Amino acid sequence: MAMHQISLADDGYGDGVHRNIIFEREFLVMGFLTYLINGLSLGSVYALIALGYTMVYGIAKMLNFAHGDVIMIGAYLVFICTSNAGMPAIVSIVIAIGCCTALGMIIEKIAYAPLRKATNLAVLITAIGVSYFLQNVALLVFGSNPVSFTSIIPWKGLTFAGGQLKITGNAIIAISVCLVIMIVLMWFVKNTKPGQAMRAVSEDRDAAVLMGINVNATISLTFAIGSGLAAIAGALLCSSYPSLTPYTGSMPGIKAFTAAVFGGIGSIPGALLGGLLLGIIEILAKAYISSELADAIVFAVLIIVLLVKPSGILGKQIKEKV
Amino acid sequence: MLEVKDLKVNYGVIQALKGISFEVNEGEVIALIGANGAGKTTTLQTISGMLTPTTGSVMLNGVDITRIPGHKIVSMGLAHVPEGRRVFPGLTVLENLKMGAYTRSNKKEIADSYEMVYESFPRLKERQNQLAGTLSGGEQQMLAMGRALMSKPSIVLMDEPSMGLSPIYVDEIFKIIQSISDAGTTVLLVEQNAKKALAIADRAYVLETGNIVLSGDAKDLMNDDSIKKAYLGE
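Everything numeric here is computed off the predicted structure, so don't read it as measured data.

Points about the overall build of chain A
Next up, step 1: When helices and strands are counted, chain A shows 11 helices and 4 strands.
Next up, step 2: The C-alpha extent of chain A, read off along each of the three principal axes, is 75 × 50 × 35 Å.
Next up, step 3: Counted over contacts in chain A with a minimum sequence separation of 6, partners at least 24 positions apart contribute 71%.
Next up, step 4: Accessible surface for chain A amounts to roughly 14,700 Å². Of this, 69% is attributable to carbon and sulfur atoms.
Next up, step 5: In chain A, the 18 positive side-chain charges and the 14 negative ones have mean positions that sit 11 Å from each other.

Quick notes on the pairing of strand S9 (residues 203-208) of chain B
Residues in a regular strand project their side chains so that they alternate between the two faces of the sheet.
All names here are of chain B.
Next up, step 1: In terms of burial, S9 is largely enclosed, as 5 of its 6 residues are buried.
Next up, step 2: Looking at chain direction, strand S3 (residues 29-34) and S9 are connected through 5 bridges and run parallel. Paired with leucine 32 across the two strands is tyrosine 205, which belongs to S9.
Next up, step 3: Of the strand pairs in this sheet, S9 and strand S10 (residues 211-217) are connected by 6 bridges, and their pairing is antiparallel. Counterpart to tyrosine 205 in the pairing with S10 is serine 215.
Next up, step 4: Between the end of S9 and the start of S10, which pair antiparallel, lie 2 residues, with threonine 209 showing a positive phi angle near 35°.

Considering helix H1 (residues 25-60) of chain A
Residues and elements named next belong to chain A.
Next up, step 1: The terminal C-alpha atoms of H1, which comprises 36 residues, lie 50 Å apart, in line with the 52 Å expected from a rise of 1.5 Å per residue.
Next up, step 2: Burial within H1 is extensive, with 26 of its 36 residues counted as buried.
Next up, step 3: Lysine 61 occupies a position one or two residues after H1 and carries a positive phi of about 55°.

Thoughts on the environment of A:Ile97
Residue and element names in this part refer to chain A.
Next up, step 1: Position of isoleucine 97 among the secondary structure elements: in helix H3 (residues 89-112).
Next up, step 2: By relative accessible area, which is 24% here, isoleucine 97 ends up partly exposed.
Next up, step 3: A C-alpha to C-alpha distance of 18 Å links isoleucine 97 and proline 246, two positions 149 residues apart in sequence.
Next up, step 4: If we skip the residues at most four places from it in the chain, isoleucine 97 touches Gly228, Ala231 and Ile232.

Focus on the packing of aromatic side chains
Next up, step 1: Counted according to the given criterion, the structure contains 9 aromatic pairs over all chains.
Next up, step 2: Where A:Tyr53 meets A:Phe257, the ring centres are 5.6 Å apart and the plane angle is 55°; that geometry is what we call tilted. Residue A:Tyr53 is located in helix H1, and its partner A:Phe257 is located in helix H9 (residues 250-263); the two are separated by 204 residues in the primary sequence.
Next up, step 3: On the basis of relative accessibility, which here comes to 18%, the residue A:Phe257 falls in the buried class.
Next up, step 4: With 5.2 Å between their ring centres and 70° between their planes, A:Phe65 and A:Phe257 make a pair best called edge-to-face. Linking A:Phe65 in the loop between H1 and helix H2 (67-84) with A:Phe257 in helix H9, this pair joins segments that are 192 residues apart in sequence.
Next up, step 5: On the accessibility criterion, A:Phe65 (23% relative accessible area) is partly exposed.
Next up, step 6: The rings of A:Phe32, A:Tyr35 and A:Tyr288 are connected pair by pair, giving a single aromatic cluster.
Next up, step 7: It is A:Lys193 that lies over the ring of B:Tyr102; its NZ or CZ is 5.2 Å from the centre.

Conventions we followed
- Residues numbered from 1 in each chain as written.
- Chains lettered and ligands numbered in written order.
- Predicted model: local features only at pLDDT ≥ 70, side-chain atom pairs only at ≥ 80, totals over all residues.
- Heavy atoms only, no water.
- Helix = DSSP H or I, 4+ residues; strand = E, 2+ residues; numbered from the N terminus.
- Contact = heavy atoms within 4.5 Å.
- Areas by Shrake-Rupley, 256 points an atom, 1.4 Å probe, with all protein chains shown as cover.
- Lys, Arg positive; Asp, Glu negative; His and termini not counted.
- Charge placed at Lys NZ, Arg CZ, Asp CG, Glu CD.
- Buried < 20%, exposed > 50% of the residue type's maximum accessible area, 1.4 Å probe, protein only.
- Pairing = 2+ DSSP bridges.
- Expected span 1.5 Å × (residues − 1).
- Phe/Tyr/Trp six-rings, centres within 6.5 Å; stacked < 30°, edge-to-face > 60°.
- Lys NZ or Arg CZ within 6 Å of the ring centre and 35° of its normal.

Written out as structure tokens, the structure is:
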């Protein structure tokens, strides 16, 4: 049996992925399935981050570019709790979720709420400012050297087809967590009072006030949920790509924002679809085309989709208000 | 029931309301008429807490609501049907009505309100699963009114309910306003259609560039020469 070993170059997250690609049909299929699952796993993380972008955009009508950096803070918090304080993974995650939720609400209160009536551009610039602020604070506190994140998921995963198809525990947990959160969130928005308030505020803020809905509290809740999810996304991301620096959140943040636009910004199922597709496209492009060009391919696909359907795959046409 | 005193509202340097005072008693239909830019919508928005006045006060059932945020005023028994209807276009008719009952929690009473609204607006029942954005203008107006009634208000503010509607719908909307009043709800109505408004109102106030220039019994105003000339086109 002739075997060739091809090593794929660095995948952009610092841990060169080396895989055996075996030129035999069955092996090719298994390889493809592995990539697909890795893509779904990465896509699930993008989807979780994209949720934060899409919900905040839908309800507060702003792009929170600091969202990616909340992921980084969440990952550092998990790292400190597990590696420095020796806490169990689940406790660390809960602490990180709590802190990021609070952080999200504080950012909203201090940086964005005073700009409620300001132009979109002012809010956007503020968001970019908050993003750099969080990165710089992280640089001061944690330094610029990467820390090695220990996966919070000790499970090795499942092996199929006599060892040819391996699904890592990280992938299984990331995909499951993402799906469960999506289902819970869609149920929450449709069936609870605060969820109802979110839908009303996203449709028409002034009319929502006339229904007796507290718009500020609703926006604050949206930031809380988005930032809590960012903590989970940070832990999952760094479990698969363990090199953690103050800039870790920035690229996944931009890609998740892309995923949100791709799926249709403002739409929760759109964030899921966009995130998963983006993850799959990225991993497949890395595996079969070029790992250097993977990001360019991802964005090229985005541009094509937006040319064909400017509101994104599941996006609603936004009506101009008179 | 509702008492507005010396209300002044500014948009930047422009003074939209220059100190208006009026009152609405329980069970009345009060019309606020005037031309474009007279300050009618500003008055309603200030009452319902969307705008904050520079001076003056708004009392609702003896409580000063001038500085109370808009979302808290709804549960005090005041509903506002805004200008341009402002239904939630991406939600169904039923979901829109549900939003109207946002401040209430008693399921039995809410169910009664649905029934009451569907009785007054049978067309809404037919279309309850349709997206509100796909309704015609008249239907959207009915939905906006039904949605306001879902909060079980003691007073309803209505801003230009007949605007942009076909004559058949205009008649229907005024009939509905009359029946809302007959059911015991107080109505403060802002209208450009002065003729129709005066026909169903008990009393009326005439606004001109931020001042109340005339007030009185609706029937008297209808026969007033200056009103006839300026607002009734006679």
